[in-house]
Amino acid sequence: MISRSSWSGAPRTRASVVKAAWGVALLVAFMSAPGVFASNTTTYTYDALGRLTTVTGSAKGSVATYDYDAAGNRTQTTSKSESVAPSAPTGLSATVASASQVNLSWSASTDTGGSGIAGYRIYRNGSQVGTSPTTSYSDSPLTDATTYTYRVAAYDIAGNLSAQSSAATATTPDATAPTVPTGLAGSAPSSTQVNLSWTASTDNVAVAGYRIYRNGSLLVSTGQTSYTDSTVSGTVAYSYTVAAYDAVGNLSGQSAARNVTTPDSIAPSVPTGLSATPASQTQINLSWSPSTDTGGSGLSGYRIYRNGSLIGTSATNSYSNSSLTPATTYSYSVAAYDAAGNASAQSGTVSATTPDSTAPSVPTGLTGSAASASLVNLSWSASSDNVGVTGYRIYRGGSQIGTSATTSYADSTVVGSTTYSYTVAAHDAAGNVSGQSAVKNIATPDVTAPSTPTGLSAAAAGPSRINLSWSASSDTGGSGLAGYRIYRGGSLVTSTAATSYSDTGLAASTSYSYTVAAYDNAGNASGESNTASATTLPPVVASLSTSTWRWLKRGSNPTQIDAAVVCTGSGGTGSGYTYAWQWVSGDTETSAISPTSNNTRWSRTVPYINATYTSVWRCLVTDGGGNTGQSNVTVNFVMNTLQ
């Protein structure tokens, strides 16, 4: 019996043992398809009906060939020995079909020995792994990621074996994913960073890298077993997993999730635009531009610092600082803080001063003097203030007339000969004003002379009188215009309060020159006016026709009376003469007939006396200007001088 060692080709369905012509027991297998059955070094070849067609014996080149008749009866037709091996296969190629299969193909060998090519033996890494009756072979199952070297040798029906072909190499792809990463750990050192690490995966070839997933989405790939995620935000929970991959893209499953919550370690932005505005004497209002917070916890509020010390907080971008001291300067800054307690740097510093509500003390020691009719100098003792006195207000007659930054003041708006009442009040920078000081009364002198009289004119009014007139002077000194001084020929004649004067007692027909100067009640005198000149009129003359007049009674004879005395006026204004007879002495009759014309006569009623006496009468001539002239006449009354 022959034991079966291996099969190639289609499976057999039944087999029987037959005896070869040369006395060798044969195992005949009936197949459902053609094939080759090899036992040790004896090869059996079958046709499609499972009938044995060739037997190659263990002796090299021993071949038995069988034919069959139409009824299927086998006949032995050929028995020979062959010793020529087929040619070595050429053109061997190895193609990877999958991670577990390599397909081989080659060019057919030729067999010149006569038995014919029976098939090919396939060698992998030096060891036969199979045979093929064709010029192709599929080698499986193989190990992925493994390099294999193949050769092929042809053999013929007589069992002759060719040399092996040239080698062909193929490497199966890597189909094995790395192991799932383990030990994933993570921490958030800040609001913008999460640090991850894990235990390295293993792979049948090599781990090429790792894919990091955040909240189920691929975040990044890395070749390390750690990763720093700097795209996170503060106060956010993140879920991370990691998967390993190899060079051909085999990806492991994702690791167990690692949850990491980021803290908020980013301070808000520094507040800007800080302003401080006094709202009252005890309150300052602050405002600023809002800060931003990118750390994630959110802006909580602002801390307010006054003079470097924290005084309060505000949830908004404004703050009112009250209960302050008036007239005090405060410096402020503001810092923002978030819900995680991160605080920004303090803003720039701004300052504000609360208004001053305290008035300075009342000035004391007010004194003053009139330096001239138009200037009063004042001085006083300085006031004090909780902040500082910035100046003084000067009041005259109850009304403010000026200010001074010092403790003195010169009032140049006064006029002479006037009494003024002064007070002073202090004020500070905030406008607080003290009460007014005690009153100081000051009288100004008049040192300003009146203006010089103008328009002086002189006109002769008679033989002994010249009339003067002029335009009135003005007096700004304050004491008031008192009058005018009349100068004749440079010498003071007299004074008058009027703007005219009649200078009398002058010599007739004489030229006189005049000036006038004004003076005030303080004794200030103006300059002298323009000069005006006039010449007095000639004297008024009363001319009598006789200087004596006689009345002579001669007893019983008629009374002898002199011709009437005629009085004639001349001189003076030369016209408008009037006459008057005035009794002077020695007569019992003291009235006379009033003259009625320029040629007037003096007459007298006869006296009823019997005595001789002498009397004197005067003729008074008055011209049209009122100037007078006179002349006396002696009147003699003689009784009984002739019989």
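Heads up: these notes are all about the structure in this document. Just so we're clear, the structure is a prediction, and the values are computed from it rather than from any experiment. (Residues numbered from 1 in each chain as written. Predicted model: local features only at pLDDT ≥ 70, side-chain atom pairs only at ≥ 80, totals over all residues. Heavy atoms only, no water.)

## A few points about the overall build of the chain
Defined as follows: Strands are runs of DSSP state E lasting at least two residues, helices are runs of H or I lasting at least four, and both sets are numbered from the N terminus onward. Burial classification: accessible surface area is computed with a 1.4 Å probe over protein chains only, and a residue below 20% of its type maximum counts as buried, one above 50% as exposed, and the rest as partly exposed. In this description, contact between two residues means that some pair of their heavy atoms is separated by no more than 4.5 Å. Per-residue and other accessible areas follow the Shrake-Rupley method at a 1.4 Å probe size, with only the shown protein chains counted as cover for residues.
The helix and strand tally for the chain stands at zero helices and 51 strands. Within the chain, the fraction of its 643 residues that count as buried is 38%. For the chain, the share of sequence-separated contacts (at least 6 apart) that also reach a separation of at least 24 residues comes to 60%. Of the roughly 29900 Å² that the chain leaves accessible, carbon and sulfur atoms contribute 48%.

## Notes on the sheet that holds strand 13 (residues 136-139)
How we decide: We call two strands paired when DSSP finds no fewer than two bridges between them. To obtain an axis, a line is fitted to C-alpha atoms, over the contacting stretch when the element is a helix, and the angle between two such axes runs from 0 to 180 degrees between their N-to-C directions.
Judged by pairing direction, the sheet is antiparallel, and its three strands sit side by side in the order 9-10-13 without closing on themselves. Edge positions in the sheet fall to strand 9 (90-98) and strand 13, since each of these pairs with one other strand and no more. For this sheet, the mean angle separating the axes of adjacent strands, direction not counted, is 20°. Here strand 9 pairs with strand 10 (residues 101-107) via six bridges, running antiparallel. Residue pairing in the sheet places Ser93 in a bridge with Ser105 of strand 10.

## Some thoughts on the pairing of strand 50 (residues 613-622)
The buried fraction of strand 50 amounts to eight of the 10 residues, a majority that puts the element mostly inside the structure. In terms of strand pairing, strand 48 (residues 578-585) meets strand 50 through seven bridges, oriented antiparallel. Bridge pairing in strand 50 links Gln582 to Arg618. When strand 50 meets strand 51 (residues 628-639), the two strands line up antiparallel, connected through 10 bridges. Looking at the pairing, Arg618 lines up with Asn632 of strand 51. Turn length for the strand 50-strand 51 hairpin, with the two strands adjacent in sequence and antiparallel, is five residues, and the turn residue Gly626 shows positive phi of about 90°.

## Brief notes about the packing of aromatic side chains
What describes a pair of aromatic rings is the distance from one ring centre to the other and the angle between the planes of the rings. Counted only if it meets this: Ring pairs shown here join Phe, Tyr and Trp side chains whose ring centres sit within 6.5 Å, with only the six-membered ring taken for Trp; geometry is labelled stacked below 30 degrees between planes, edge-to-face above 60, and tilted in between. By definition, being over a ring means that NZ of Lys or CZ of Arg is both within 6 Å of the ring centre and within 35 degrees of the ring normal.
One pass over the structure, following the stated rule, counts eight aromatic pairs. Relative to Tyr150, the ring of Tyr148 lies with its centre 6.4 Å away and its plane at 40°, an arrangement referred to as tilted. Take Tyr150: its relative accessible area is 0%, and that puts it in the buried class. Pairing Trp288 with Tyr302 gives two aromatic rings, centres 5.2 Å apart and planes at 70°, and the pair type is edge-to-face. On the criterion of sequence distance, the pair formed by Trp288 in strand 24 (residues 283-289) and Tyr302 in strand 25 (residues 299-306) is long-range, its members being 14 residues apart. The ring of Tyr155 has Arg121 sitting right over it, with the charged end atom 5.2 Å from the ring centre.

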